[in-house]
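This is what each chain is made of:
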Amino acid sequence: MKKLEIFLSGQGGQGVLDLGNFLAYHWMLDGYHVIYTPSYGPETRGGKVRCYVIISKDNIDSPMIINPDILVVMNGPSMDFVPLLKEKGTLIYNTSIINREIGRNDINVVPIPSTDMADKLKSVLPKEVSEMYNDTKVAQNAIVYGAMISLFKMKESNIDPVLSHFYTGTKNKYIALNKFAVEEGIKYVKEKNLLPVSIHL
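Re helix H7 (residues 174-191)
Across its 18 residues, H7 extends 26 Å between first and last C-alpha, which sits within 8% of the 26 Å expected from 1.5 Å per residue. Looking only at H7, the buried set comprises Leu-177, Asn-178, Phe-180, Ala-181, Val-182, Glu-184, Gly-185, Ile-186, Tyr-188 and Val-189. Among the structural elements, strand E6 (108-112), helix H2 (114-119), helix H3 (121-124), helix H4 (127-130), helix H5 (140-151) and helix H6 (159-166) are those in contact with the buried residues of H7. A positive phi of about 55° marks Asn-193, the residue just after H7.

So this is what it looks like as structure tokens:
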């Protein structure tokens with residue numbers, strides 16, 4: 001069974017669990033079998049958070065991930081998980097707050113300053129959108145989502161359905177910010193000429 005295993009980790013408040021949900025639902029819209037498993041402590045903002053996403057064309061027999069194909073790291077302490085990444089796997093990490101050595105030369109490394117990019121969104125958002133938010137750093141997960149869409153050549157037509165699915169009711173005010181952040185993430189990968197990552201499903 002061919003499957004893609006993604007491990008995402010960071011701290012509470014960075015939207016790690018939402019990012020996992022975005023990715024899982026994105027592939028589910030394309031007809032794939034998906035398992036999403038969150039894992040976090042009693043803390044919310046600032047606590048350790050991680051989740052696992054598995055995607056396959058076939059039925060998935062286990063939610064466990066031991067050696068992921070893709071590792072997304074949003075904060076410094078989560079770099080401890082780098083040794084778990086498969087050889088020739090892909091590490092996507094937040095250079096805004098991580099300055100640790102990677103310690104491996106057998107993996108594909110994609111640096112993205114996601115926190116800084118999200119923080120700067122307020123200055124580039126259309127006025128009618130920027131006035132809705134006090135802090136745009138909450139969209140750092142959407143920056144990474146956009147970057148992954150570009151890196152893995154995922155369907156951009158799924159972005160609106162994904163955001164609309166998770167931001168309903170009073171939360172729909174976050175759709176505009178997150179969509180803009182996703183587009184910035186896509187644009188970042190293209191402007192930096194980061195090479196697409198081949199995934200086989």
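Description of the packing of helix H1 (residues 16-29) against H5
With their axes 9 Å apart at the nearest point, H1 and H5 run at an angle of 35° to one another. The two elements H1 and H5 meet at a crossing, and its hand is right-handed. Mapping the contact onto sequence places Asp-18, Leu-19, Phe-22, Leu-23 and His-26 in H1 and Asn-141, Val-144, Tyr-145, Met-148 and Ile-149 in H5. Of the residues in the contact of H1 with H5, the class split is seven nonpolar, two polar and one charged.

Some thoughts on the packing of aromatic side chains
Any aromatic ring pair is given by two values, namely how distant the centres are and how the planes are angled relative to each other. Under the criterion given, the structure shown has eight aromatic pairs. Ring centres of Phe-7 and Tyr-52 lie 5.0 Å apart, and the angle between their planes is 80°; this geometry places the pair in the edge-to-face category. With Phe-7 in strand E1 (residues 3-11) and Tyr-52 in strand E3 (residues 48-56), the pair connects residues that are 45 residues apart, well separated along the chain. Taken together, the aromatic side chains of Phe-22, Tyr-25, Tyr-133, Tyr-145, Phe-166, Tyr-167 and Tyr-174 make up a single cluster linked through ring pairs.

Digging into unusual backbone geometry
In the Ramachandran plot, Lys-153 falls in the positive-phi region, its phi being about 55° despite a non-glycine side chain. Here Lys-153 shows up in the loop between H5 and H6. Look at Lys-153 and you get exposed, because its relative accessible area is 67%. Although it is not a glycine, Asn-193 adopts a positive phi angle of roughly 55°. If you trace the backbone, Asn-193 turns up in the segment after H7.

Here is what the cut-offs are and how they apply
Residues numbered from 1 in each chain as written. Predicted model: local features only at pLDDT ≥ 70, side-chain atom pairs only at ≥ 80, totals over all residues. Heavy atoms only, no water. Helix = DSSP H or I, 4+ residues; strand = E, 2+ residues; numbered from the N terminus. Expected span 1.5 Å × (residues − 1). Buried < 20%, exposed > 50% of the residue type's maximum accessible area, 1.4 Å probe, protein only. Contact = heavy atoms within 4.5 Å. Axes fitted to C-alpha atoms, helices over the stretch in contact; angles between N-to-C directions. Left-handed = near helix turned anticlockwise from the far one by under 90°. Nonpolar A, V, L, I, M, F, W, Y, C, P; charged D, E, K, R; others polar. Phe/Tyr/Trp six-rings, centres within 6.5 Å; stacked < 30°, edge-to-face > 60°.

Without other data, these values stay purely geometric and don't point to any function.
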